[in-house]
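One letter stands for each residue in the lines below.
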Amino acid sequence: MTEEIKDISDFENENESESAGLEVEENLEAQEIIDENQEMLKKLDELQKDLKEQEERFLRLAAEYDNYRKRSEKDRISAYNDGKAKTVAEILSIADCIERAIEASGDADAEYQKGLRMLSEQFDASLGRMGVESFGCVGDGFDPELHNAISHIESDEVGENVIAQIFQKGYKMGDKIIRHAMVSVAN
């Protein structure tokens, strides 16, 4: 019986040794898995950080492109309008000549005067189709943003800072002044 107990005791010791060895092996494998997981988590964090940086770069680049596109469109429209305004400014002398011809045709034939008025109306209509408006009429209030005062007169017939005489009409296209009106201001 003692021998049986000894055999059982040896068996248990062997089992305990094997169990302890298995436990150590399992602990080592578990530690390796934990270490691998920690490394993978570090790599994942780095990759997520890189992804976030790339997303921020992309968003900045997209915003810069959108701003560039808007600025380019605005510049294109501005260049077109500036070119249009310069062209109109060059042909305004024709409108001035037509007006002078109408003023000087006081004693001329009625058909001749009618032809000049029709020419003036047609020219004004063409300017209107291009978005050009004339401004500066006798009796309007003087606005230094729109009018150039080249003389000053005293008059009881018109109020203070009122246009008394027009020497040259002003023209604008939208909010852009193409040519200021040259006027005489009363009082």
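Residues numbered from 1 in each chain as written. Predicted model: local features only at pLDDT ≥ 70, side-chain atom pairs only at ≥ 80, totals over all residues. Heavy atoms only, no water.

> So, the sheet that holds strand E5 (residues 176-179): which residues are in play, and what are the values?
Pairing is antiparallel across the open sheet formed by 3 strands, whose spatial order is E1-E4-E5. Strands with a single pairing partner mark the edges of an open sheet, and in this sheet they are strand E1 (132-135) and E5. The mean angle between the axes of side-by-side strands here comes to 35 degrees, regardless of whether they run parallel or antiparallel. As paired strands, strand E4 (residues 170-173) and E5 are joined by 3 bridges and run antiparallel to one another. Within the sheet, the bridge partner assigned to Lys-172 lies in E5 and is Ile-177. (Pairing = 2+ DSSP bridges. Helix = DSSP H or I, 4+ residues; strand = E, 2+ residues; numbered from the N terminus. Axes fitted to C-alpha atoms, helices over the stretch in contact; angles between N-to-C directions.)

> Can you tell me about the nonpolar core, naming the residues and giving the values?
Listed in full, the 11 residues of the largest apolar core are Ala-85, Val-88, Leu-92, Ala-95, Ile-98, Phe-123, Leu-127, Val-132, Tyr-171, Met-173 and Ile-178. Looking at this core, the elements that each hand over two or more residues are helix H1 (2-104), helix H2 (110-129) and E4. Considering every element that reaches this core, the biggest residue donor is H1, with 5 residues. If you look at the next biggest cluster of nonpolar residues, it comprises 5 residues, including Phe-135, Ile-163, Val-183 and Val-185. (Core = buried A, V, L, I, M, F, W, Y, C linked by side-chain atoms within 4.5 Å. Buried < 20%, exposed > 50% of the residue type's maximum accessible area, 1.4 Å probe, protein only.)

> I'd like to hear about a nonpolar patch on the surface, residue by residue, with values.
Residues Ile-150, Phe-167 and Met-182 make up a contiguous nonpolar surface patch of about 270 Å² in total accessible area. Structurally, Ile-150 can be placed in strand E2 (residues 147-153). (Patch = residues over 30% accessible without salt bridge, like charges linked within 9 Å, V, L, I, M, F, W, Y side chains within 5 Å. Areas by Shrake-Rupley, 256 points an atom, 1.4 Å probe, with all protein chains shown as cover. Salt bridge = Lys/Arg side-chain N within 4 Å of Asp/Glu carboxyl O.)

> Go over unusual backbone geometry, please, and point to the residues and values.
Look at Asn-161: it is not a glycine, yet its phi comes out positive at around 55 degrees. Along the chain, Asn-161 turns up in the loop between E2 and strand E3 (162-168).

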